[in-house]
Amino acid sequence: ALDCFAGNLSYSMILADSIKDLLATFSIATTRTKSLIGVTTLILLPLCMVKNLATLAPFSLLGIMGMAYTSFAIGIRYFGGAYAAGGRFLPDIAASLQPSFGTTGASGVLSANSLILVCMLSTAYIAHFNAPRFFRELKDNTMSRFGKVTGISFGISTAIYAAVSAMAFLTFGANCDGLILNNYSTKDLLISASRFAVAISLIFSYPLLFVGTRDGTLDLLKISEEKRTVSLLNQTTFALLGLTTALAWKLTDLSFVSSISGAVFGTALIFVYPSLMFRAAIKNLGDKATATEKKESTFAMLVNLVGIAVGIIGTKMALGSGQAIH
C-alpha cells in the first residue's frame, strides 16, 4: 500500500509540473498549485472512483502511444543537438537546467551515489499488486497467455526506460531534473507535445496504481471484501487522494521522492520480502525440501542482506542529496 501510495504521489507531482509548463507554452500563466488542484478535482478524482478497470483499457493504449512519442521526441532533441552548446533552445532554459558534464566517466557507477539510481529503478515496475486483477480481467486468461503478455510488456518497458534515460542524460548530464521534461524549453513545441502525451499517459495510469493504494490500505485495516461497500470505497478514495494531493503540493523534488520510496519500499518488495517468504516456504517443507531448494534458501538470504544494505545506503544518500520541500 505504501509503495503504491508513493507511486501516486510521484504521478501527482509530475502532472502538476507538466500541466503548468504545458499551459506556459500557450502563454497561459498559472501556478503549480493551481495545476495540481485542477487536474486532481476535475480528472483524477472521477477516474479513481471507477470500480471496473477494464473500462480504462482503451485509454491505457493511448497512454502507451504517448510515452512512445515522448521517447521519440527526446531522441530527436538529443541527436539534433538543440540543447547542446549553441543550440537554438539553450538560451531559453535556466542555467541550473542547462547541460553539465564532468570527467568522472563510467567509473561513476562505483560511487555510492549510484545507489540513488538503483533505488529509483526499483520503482519502475510497481504493478505486481494488480497482477491478480489483471489476470482475472484478461481475455482468455490462461497462465501461458498471461506470462506472454507480461513478458512482452516488461521487455518493451525495459527498452524504453534504458533508451530514454541514456538520451536524456547525454543531453543534460549532471543537471538532469527529477522530471526530465522540466529541462526542456517551454517554447519547444515538440517537447510540449510530449508533456501533453505524458500527462495523458499518467492520468489514465493513475487509477490503476490508486487501486493498489486503496485496496492495500483496506487490507492493512483488516476490512474484509464483504464490508467494502461502494460508500466505504468512495470515502477511502476521497481521503487518500486528498492526502496524496496535499503532499504533492508541499514536495517538489521528484528525484527525492522516487529515491526514498525506492530505497524504503522498492528494495523491500524486490529483495527483502520475497526472500523471507521463500525461506519460510522451504522451512515449512522440512525434510521434504531438496538439497537444491535448501541452497536456494541460503542464497535468498544473501539477496535479503544485499537489499537491506542497498536500502540503507540509498536512503542515506537520497536524504543528503538535496531539499525536497519548497
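It should be noted that the structure appears before, not after, this text.
A closer look at the overall build of the protein
Next, step 1: In terms of regular secondary structure, the protein is built from 10 helices and zero strands.
Next, step 2: In sequence order, the protein lays out its α and β elements as α-α-α-α-α-α-α-α-α-α.
Next, step 3: Taken over the C-alpha trace, the protein has a radius of gyration of 21 Å; the compact-globule value for 326 residues is 20 Å, and the two agree within 12%.
Next, step 4: For the C-alpha atoms alone, the extent of the protein along its principal axes is close to 70 × 50 × 40 Å.
Next, step 5: Buried residues in the protein amount to 40% of all 326 residues.

A closer look at unusual backbone geometry
Next, step 1: In the Ramachandran plot, D140 falls in the positive-phi region, its phi being about 50° despite a non-glycine side chain.
Next, step 2: As for its placement among the helices and strands, D140 is situated in the loop between α5 (131-137) and α6 (143-172).
Next, step 3: Residue classification places D140 among the exposed positions, given a relative accessible area of 54%.
Next, step 4: Of note, K222 is a non-glycine position whose phi angle comes to about 60°, a positive value.
Next, step 5: For K222, the position within the fold is in the loop between α7 (189-220) and α8 (230-250).

Some details on the packing of aromatic side chains
Next, step 1: Enumeration over the complete set of coordinates arrives at seven aromatic pairs.
Next, step 2: When the ring of Y11 is compared with that of Y206, the centres are 6.2 Å apart and the planes differ by 55°; the resulting orientation is tilted. With Y11 in helix α1 (residues 2-25) and Y206 in helix α7, this pair connects stretches of sequence that are 195 residues apart.
Next, step 3: Taking 5.5 Å as the distance between ring centres and 85° as the angle between the ring planes, the aromatic pair formed by F135 and F146 counts as edge-to-face. Placement of the pair is F135 in helix α5 and F146 in helix α6, with a sequence separation of 11 residues.
Next, step 4: Of the residues examined, F146 reaches a relative accessible area of 19% and is grouped as buried.

Let's talk about the packing of α1 against α8
Next, step 1: Running from N to C, α1 and α8 point in directions that differ by 55°, and their axes come no closer than 9 Å. The angle between α1 and α8 places the two elements in the oblique class. Note that α1 runs across α8; the crossing there is right-handed. Contacts between α1 and α8 involve F5, N8, L9, S12 and M13 on the former and, on the latter, L240, L243, T244, L247 and A248.
Next, step 2: Counted by class, the contact of α1 with α8 contains seven nonpolar, three polar and no charged residues.

Conventions used here
Residues numbered from 1 in each chain as written. Predicted model: local features only at pLDDT ≥ 70, side-chain atom pairs only at ≥ 80, totals over all residues. Heavy atoms only, no water. Helix = DSSP H or I, 4+ residues; strand = E, 2+ residues; numbered from the N terminus. Rg over C-alpha atoms; globule rule 2.2 N^0.38 Å. Buried < 20%, exposed > 50% of the residue type's maximum accessible area, 1.4 Å probe, protein only. Phe/Tyr/Trp six-rings, centres within 6.5 Å; stacked < 30°, edge-to-face > 60°. Axes fitted to C-alpha atoms, helices over the stretch in contact; angles between N-to-C directions. Parallel < 35°, antiparallel > 145°, perpendicular 65-115°, else oblique. Left-handed = near helix turned anticlockwise from the far one by under 90°. Contact = heavy atoms within 4.5 Å. Nonpolar A, V, L, I, M, F, W, Y, C, P; charged D, E, K, R; others polar.

That's the geometry; what it means functionally is another story.
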